[in-house]
Structure formats: structure tokens, C-alpha cells
Amino acid sequence: MAIDLAVVPVAGIGTRLLPATKSQPKEMLPVGRKPIVQYVVEELAQSGIKRLLFITGASKTSIENHFDINAELIQYLRETGREEQLAALDFERQDVQYFYTRQRRPLGLGHAVLCARPLIMRQDFVVALGDSIIGLHAQSRVVEQMVELFENDRDVKVVVAFEEVPREHVARYGIARPKGAVDDVFELEDVIEKPTVEEAPSNLAVAARYVFAPEIFDALERTAPDRRGEIQLTDAISLLLREGARGLGVRLPPSERRYDIGNFASYFEAFVEFALADPDYGPGLRQHIERLLSEGTTQC
Ligand code: UTP
């Protein structure tokens, strides 16, 4: 795999998760045993990414600390006879180099990606949203597949992952307008940011993983801010496609759900699902939840 560079935007304010996100990044909230962004980084590392550029913002320094090697903690665990805990820190030694730059004002996801331009210049690259996990325990290889498709056809300028969503939810996402029949891989004619149910050309929602040629930066420069003053990545992709660039969509298999930790409903669902799948604590938690539900002692 020649593309070994990923941009991970983590500079959003996370207002929908306040107060949990007041002084800590939403990307550092735990889902099961790990912070969300650790799943994202592990997924990218197992897909062949070796250079990772975080687009960070104010109050996001804990992300940098998380991926650094904490020699003091390792020494402490050794000295206090807790060697068995060291395995939990193995991710620190992944074969990935980390880079950081700041989006100084939260002007939208598209603007966050544009902040990478001076460093990326003319390289092809992956974008993976730092608040979205793909597949239970992030075992997905979709990025590897997307990069392969991109590299096998030099006409392709953008590859986007999509997930099928219930029709009534299309207004929450960027939605694909496929060209022709939809298979696991399909030609992309356009993407529409948050269409109404009536307008939506499909129920395929953009799913937090992308591969781009550097032409996306020109499209982002020319993309007008939306009514909230934010530059949307979906609008720039749409511009690129409407100007004739070739794009492909990759449909996530049903076994690789996208966990978008954007609000409390999706956060709670993801946490419970990952905790129930925990090999040590899942079975006990399942019994606990079943007991709570059968006793009717909760407001469930
Ligand atoms: P969201 O669209 O969920 O926005 O970001 P947000 O600002 O984090 O959250 P709300 O809407 O205020 O609740 C999707 C991903 O894009 C990043 C976020 O950090 C998240 O990983 N992002 C978003 C940026 O890096 N910069 C931005 O200006 C917006």
C-alpha cells in the first residue's frame, strides 16, 4: 500500500456531548476499555497507515499525551509488580509516527482537513474522523480496501465509505447519489449534505472514512461556508464530483457498523455494545442488565 498517510480531525467542540466534553475531547471518551480515538488509530495502523496527522484544537492535548510513551507509568507498573497491566499500553508502540497541527477556529470538518494542506501538499491521503469507530472493536479493513481501489485506478480522485441508514435518518448525514446500480463498490455521481427524506437520492450515508487526491484541497478552498459559517467536507466532495472528477463509494458490510459518537444516544449505545462484547466483563454486565430489566427497578 503506497498511501501511508492519514489525517484525523479531532478539533470539533463536541457541543452535543456537553458537559462531558467541557474540558476533555469527545474523542477521548471511553467506549468499553479504550478512548474512541484509540480505536481509530488502531484501525488505521492495521490498515497500513504509518504517518498520522491529527488536526487538534484547544483542550485536546490529552490526545497527544495518550499516544506518547509514558516511561514513568511503565516504570511505576514494573516497580509495583503490576507487569500484567503493561499489555494495556502496547498501543503506545505501534509502528506509527504522529504529527499534530491546530485548527485554530472550529470552522467545520472541511476547514479542519484544509489545515493539513501545507503539510500534505501533493500527496494522496486518508481521512478518518476521530469520533467514529468502524466495526465492533474496530477490526474493519475498509480503509485498506478503499486505498486499494484508489491506487488501482489513477482516474479516481475520491473514495468514500458509506453505511446504509434508515430512510428517516438521511437528514443527519451526507448522502450518496450513486451512478447506476449500487453494489459493495459503486460509482459516485454526487453527495448531498443533509438532504430531506424527499430529496435524498439514496439511504447511503457518508461513514467517516475517505481517501483523497490532493485536488480536494482546491475544492475545499472554493467551497462556500454553510449557513453556520462552517466549510463542509461533503460540499467540497460534491464540487469535485460535479466538476467531473471520478469518485467511488464503498458500502460497509452489515458486520462493520459505524459508531458515530456524536451525541449521547449513539454514545450510550456504542458503550453498552462494546462493554457487552468485553470478554471478561461482558457476560456479567449482560446478567446485570437483564436483572435490572426484569426487576423493573429502572425507568426502562
Ligand atoms: P462533528 O460534526 O460531530 O462536530 O465532528 P463537533 O464540533 O465535534 O461536535 P458538535 O456538533 O459540536 O456536537 C466530526 C469530526 O470532525 C471533527 C470533530 O473533532 C470530529 O472528530 N471536527 C469537526 C473538526 O476537527 N473541526 C471542526 O471544525 C468540526
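The rules behind the values
Each chain carries its own residue numbering, running from 1 in the direction its sequence is written. For a predicted model such as this one, the threshold for reporting local features is a pLDDT of at least 70, and the threshold for listing and counting side-chain atom pairs is 80 or more; totals across whole chains, interfaces and linings nevertheless cover every residue. Note that the side-chain values use all heavy atoms of the structure and ignore hydrogens as well as water. Here a strand is any run of E in DSSP of at least two residues, a helix any run of H or I of at least four, and the numbering for each starts at the N terminus. Each radius of gyration reported is based on C-alpha atoms, and the globular scaling rule is 2.2 Å times the count of residues to the power 0.38. Think of it in three bands: with a 1.4 Å probe and only protein chains considered, a residue is buried below 20% of the maximum accessible area for its type, exposed above 50%, and partly exposed in between. Two residues form a contact once any of their heavy atoms are found within 4.5 Å. The sign given to each residue is positive for Lys and Arg and negative for Asp and Glu; His and the chain ends receive no count. By convention, the point assigned to a charge is CZ for Arg, NZ for Lys, CD for Glu and CG for Asp. Within this document, salt bridges are pairs made up of a side-chain nitrogen of Lys or Arg and a carboxyl oxygen of Asp or Glu, the two lying within 4 Å of each other. In protein, a polar contact requires one atom able to donate a hydrogen and another able to accept it; more generally it is a pair of N or O atoms within 3.5 Å, and residues adjacent in sequence count only if both atoms are side-chain atoms. Here the axes come from fitting lines to C-alpha atoms, over the contacting stretch only for helices, and the angles between their N-to-C directions go from 0 to 180 degrees. Orientation labels follow simple angle bins: below 35 degrees gives roughly parallel, above 145 gives roughly antiparallel, 65 to 115 gives roughly perpendicular, and whatever is left gives oblique. Residues are grouped as follows: nonpolar covers Ala, Val, Leu, Ile, Met, Phe, Trp, Tyr, Cys and Pro; charged covers Asp, Glu, Lys and Arg; every other residue, Gly included, is treated as polar.

### Observations regarding the overall build of the protein chain
1) Next: From N to C terminus, the protein chain includes 10 helices and 13 strands.
2) Next: A compact globule built from 300 residues would reach a C-alpha radius of gyration of about 19 Å, and the protein chain, at 20 Å, matches this within 12%.
3) Next: Structurally, the protein chain occupies a C-alpha span of about 60 × 45 × 35 Å along its principal axes.
4) Next: Within the protein chain, buried positions represent 46% of all 300 residues.
5) Next: Contacts in the protein chain between residues at least 24 apart in sequence constitute 76% of all its contacts with a sequence separation of at least 6.
6) Next: Distance between charge centres in the protein chain, computed from 35 positive and 46 negative side chains, equals 4 Å.

### Some points on the pattern of salt bridges
1) Next: One pass over the full model with this rule turns up 23 salt bridges.
2) Next: Here D278 ties to R33 by a salt bridge, and the two come within 2.6 Å at their closest N and O atoms. In this pair, D278 sits in the loop between α9 (264-276) and α10 (282-295) while R33 sits in the loop between β2 (30-31) and β3 (34-35), placing the two residues 245 residues apart along the sequence.
3) Next: D278 gets classed as buried once you look at its relative accessible area, which sits at 10%.
4) Next: Note that R251 and E164 form a salt bridge whose closest N and O atoms lie 3.7 Å from each other. With R251 in strand β12 (residues 246-251) and E164 in strand β8 (residues 156-164), this residue pair connects regions lying 87 residues apart in the sequence.
5) Next: Overall, R251 belongs to the partly exposed group, its relative accessible area being 22%.
6) Next: By relative accessible area, which is 45% here, E164 ends up partly exposed.
7) Next: Within the structure, one salt-bridge network assembled from shared partners comprises R33, D278 and D280.

### With respect to the environment of S132
1) Next: Along the chain, S132 turns up in strand β7 (residues 132-134).
2) Next: Taking relative accessible area as the criterion, S132 reaches 0% and is therefore assigned buried.
3) Next: Taking the C-alpha atoms as reference, S132 lies 4.4 Å from D260; in sequence the two are 128 residues apart.
4) Next: Within polar-contact distance, the side chain of S132 engages the side chain of D131 at 3.2 Å.

### Brief notes about the packing of α9 against α10
1) Next: Taken N-terminus to C-terminus, the directions of α9 and α10 make an angle of 125°; their axes are 7 Å apart at the nearest point. Overall, the two elements α9 and α10 adopt an arrangement that is oblique. For the pair α9 and α10, the contacting residues are V272, A275 and L276 in the first and G282, L285, R286 and I289 in the second.
2) Next: Considering only residue class, the contact of α9 with α10 consists of 5 nonpolar, 1 polar and 1 charged.

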